[in-house]
Amino acid sequence: MSREPRCDRTFSRRDLLAGIGGLGVLGLAGCTQRNPNLDTAAEPTAAGSGGGDSGSGTLSGVIDIAGSSTVFPLATAMSERFEAKHSEVDTSLQSTGSGGGFANYFCTGGTDFNNASRPIQPEEEEQCADTGVEPVELKVATDALTVVVNNDNDFIGEGLTVEQLRQIWSAESAPETWADVNDEWPDEPLELYGPSDASGTYDYFNEAVIGEEGPGHRQDYSPTEQDRTILRGVAGSTYAMGYLGFAYYSQNDETVQAVPISEGDGDYVEPSLETALEGEYTPLSRPLFTYPKVSALRKEHVEAFARFWIDNATSREIVADEVGYVPLSEAEREQMLGRIYAAVEGLSDDD
């Protein structure tokens, strides 16, 4: 099927890829047909659109998405808006965890996108390559991973240090009571809730807090792929603790309380959109991703959805106010749109 040209300007493939690789891709904005209205991304031209190969001008078809529970609410917000514009497109969303999505759905060829709250891992890239799946990494937002405790917890004071978090969650130390961490705290059992090891949130926490070369994440806790289960567990016990994405906390901030975190310098920083954006909430602020596969992006309803998502990823109304994450910058958006363009046009570093 022939495709309409994306713009009147022309670039060599190598010049285009140089831009896609960095923020210099701003100059390519015209090639992605970006609409300045954040809530209505530009549509494909009538001659080049259509759910199959009909060229009818109407987008139709199914889009299958699995992966991160953290990215799930953002994907839901975007897909609902897209389906409102394109009633013949049906988006199927599953919250499977980042790793579970890659291993069981995306890299097996079963889904078009995999959402992830950490970058794709080498073993996942290898699995995808073995099945002919070529992923495209698209950053969609920034999260402030949030540690939560019960509302009646009045003993941790200003907050927790990264070292205390490491002690609590490390398989090596694995304290049984709060007093084991700080002898001024209650001699009551630690009740821990968190994501399972199929989750990108688990992977990121393990890397950022415990350390890749450390003893690993303790396993004697209550793991789940459902963030609401973490919230219920922490809300139900004075001596409980958990961690999850900021969006779920921000939508339930009366149910549990967020814990300010210190890197050991005496300054305790609360998780928020502002502290994540300013780089103050470290080491627990992190990028969030979706990974479409190249073969899916070459279906026009899938490409249109990917562009719609990224085109709206700078929207504070959607990403921050509705969902609870930090939106992309304008430069990041143009870089991600450039990656979609390169995938659809079949560009590579060898061209």
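Residues numbered from 1 in each chain as written. Predicted model: local features only at pLDDT ≥ 70, side-chain atom pairs only at ≥ 80, totals over all residues. Heavy atoms only, no water.

### Some remarks on the pattern of salt bridges
Right, on to step 1. Scanning all chains against the criterion turns up 14 salt bridges.
Right, on to step 2. One salt bridge connects aspartate 311 with arginine 333, and the closest N-O pair in it is separated by 3.9 Å. Remark: arginine 333 occurs in helix α13 (residues 330-345) and aspartate 311 occurs in helix α11 (residues 300-311); sequence separation between them is 22 residues.
Right, on to step 3. Residue aspartate 311 is classed as buried on the basis of its relative accessible area of 2%.
Right, on to step 4. On the basis of relative accessibility, which here comes to 1%, the residue arginine 333 falls in the buried class.
Right, on to step 5. Salt bridges here are not isolated pairs; linked through shared partners, they connect Asp311, Glu330, Arg333 and Glu334. (Salt bridge = Lys/Arg side-chain N within 4 Å of Asp/Glu carboxyl O. Helix = DSSP H or I, 4+ residues; strand = E, 2+ residues; numbered from the N terminus. Buried < 20%, exposed > 50% of the residue type's maximum accessible area, 1.4 Å probe, protein only.)

### A closer look at the state of the cysteines
Right, on to step 1. One pass over the structure, following the stated rule, counts one disulfide.
Right, on to step 2. Each sulfur in the disulfide pair cysteine 107 and cysteine 128 lies 2.1 Å from the other. In this structure the cystine formed by cysteine 107 and cysteine 128 twists about its S-S bond by roughly -65 degrees; its chirality is therefore left-handed. In this pair, cysteine 107 is assigned in the loop between α3 (98-106) and β3 (113-116) and cysteine 128 in helix α4 (residues 122-130), connecting sequence segments 21 residues apart. The two residues cysteine 107 and cysteine 128 agree in class, both being buried. (Disulfide = S-S within 2.5 Å.)

### Brief notes about the nonpolar core
Right, on to step 1. In terms of nonpolar packing, the biggest core is built from 45 residues, with Val147, Leu165, Trp169, Met241, Ile261 and Leu284 touching the most fellow members.
Right, on to step 2. Elements that contribute at least two residues to this core include exactly β5 (146-149), α5 (162-169), β7 (191-195), α6 (200-210), α7 (227-235), β9 (240-244), α8 (246-250) and α9 (273-277).
Right, on to step 3. For this core, the element with the most residues is α6, which contributes five residues.
Right, on to step 4. Formed by 38 residues, the second largest nonpolar core is a distinct cluster that contains Leu59, Ala247, Leu288 and Leu328. (Core = buried A, V, L, I, M, F, W, Y, C linked by side-chain atoms within 4.5 Å.)

### Structural notes on the packing of α5 against α6
Right, on to step 1. Relative orientation of the contacting elements α5 and α6 amounts to 120 degrees, with a least axis distance of 9 Å. Here α5 is positioned oblique relative to α6, judged by the angle of their axes. Between α5 and α6 lies a crossing of left-handed hand. The residues of α6 that touch α5, namely those facing Val162, Leu165, Arg166 and Trp169, are Phe205, Val209 and Ile210.
Right, on to step 2. The residue makeup of the contact of α5 with α6, split by class, is six nonpolar, no polar and one charged. (Axes fitted to C-alpha atoms, helices over the stretch in contact; angles between N-to-C directions. Parallel < 35°, antiparallel > 145°, perpendicular 65-115°, else oblique. Left-handed = near helix turned anticlockwise from the far one by under 90°. Contact = heavy atoms within 4.5 Å. Nonpolar A, V, L, I, M, F, W, Y, C, P; charged D, E, K, R; others polar.)

### Things to note about the pairing of β3
Right, on to step 1. Going residue by residue along β3, you find Phe113 and Asn115 tucked away on one face and Asn114 and Ala116 tucked away on the opposite face as well.
Right, on to step 2. Where strand β1 (residues 61-67) lies against β3, three bridges are found, and the strand directions are parallel. By the bridge assignment, alanine 66 is partnered in β3 with asparagine 114. (Pairing = 2+ DSSP bridges.)

By themselves, these are just geometric observations and shouldn't be taken as functional.
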